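Structural characterization, general
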Amino acid sequence: MTELARRANEDGVELEGLAITPTQVAGVQALIDSGTVNDKLARQVIDGVLAGEGEPAEVVEKRGLVVVSDEGALGAAVDEVIAANPDVADKIRAGKVQAAGALIGQVMKAMRGQADAGKVRELVLAKLT
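In this text the structure is predicted, and so the values were computed from the model without any measurement.

**Quick word on the packing of helix H2 (residues 22-33) against helix H3 (residues 39-50)**
Running from N to C, H2 and H3 cross one another at 155 degrees; their axes reach a closest spacing of 10 Å. Considering their axes alone, H2 and H3 lie roughly antiparallel with respect to each other. Crossing handedness for the pair H2 and H3: right-handed. Of the residues in H3, those in contact with Gln 24, Val 28 and Ile 32 of H2 are Asp 39, Ala 42, Val 45, Ile 46 and Val 49. A per-class count over the contact of H2 with H3 returns six nonpolar, one polar and one charged.

Structural data, given as structure tokens:
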């Protein structure tokens, strides 16, 4: 709702004036709740719905916006980021677990925001602790 309110303010219209129905909003929320999309991807789904690209599930399919939680794909991205950042990896190995955020962010960037952040965190910590 916050995202929709922001967009309505940007467009200078009431919330009801946006080209998205309550059913479509519920559809976006259902996609988030099921783990199909994360908050970032949900914004892109809303973009598609507002642009007239169809229902939320159709936008996800057309744009390929599904969250990646496959350990194989995520593991490869995690390995690349660890290899590219040995200093951060060493900090995590030394017990500074909060440094994992830097690596998680880089994996998310490499995966265009489509990675399951929780799964990425698990993989980073499993590999370095």
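**Looking at the pattern of salt bridges**
Overall, the coordinates contain nine salt bridges when judged by the stated rule. A salt bridge links Arg 6 to Glu 10; the nearest nitrogen and oxygen atoms lie 2.3 Å apart. Here Arg 6 and its partner Glu 10 are both found in helix H1 (residues 2-11), four residues apart, which amounts to about one turn of the helix. Looking at Glu 10, the relative accessible area reads 56%, which means it is exposed. Between Asp 47 and Arg 7 there is a salt bridge, with its nearest N and O atoms 2.3 Å apart. On the criterion of sequence distance, the pair formed by Asp 47 in helix H3 and Arg 7 in helix H1 is long-range, its members being 40 residues apart. Using a relative accessible area of 12% as the deciding quantity, one classes Arg 7 as buried.

What counts and how
Residues numbered from 1 in each chain as written. Predicted model: local features only at pLDDT ≥ 70, side-chain atom pairs only at ≥ 80, totals over all residues. Heavy atoms only, no water. Axes fitted to C-alpha atoms, helices over the stretch in contact; angles between N-to-C directions. Helix = DSSP H or I, 4+ residues; strand = E, 2+ residues; numbered from the N terminus. Parallel < 35°, antiparallel > 145°, perpendicular 65-115°, else oblique. Left-handed = near helix turned anticlockwise from the far one by under 90°. Contact = heavy atoms within 4.5 Å. Nonpolar A, V, L, I, M, F, W, Y, C, P; charged D, E, K, R; others polar. Salt bridge = Lys/Arg side-chain N within 4 Å of Asp/Glu carboxyl O. Buried < 20%, exposed > 50% of the residue type's maximum accessible area, 1.4 Å probe, protein only.

Structural measurements only, silent on function.
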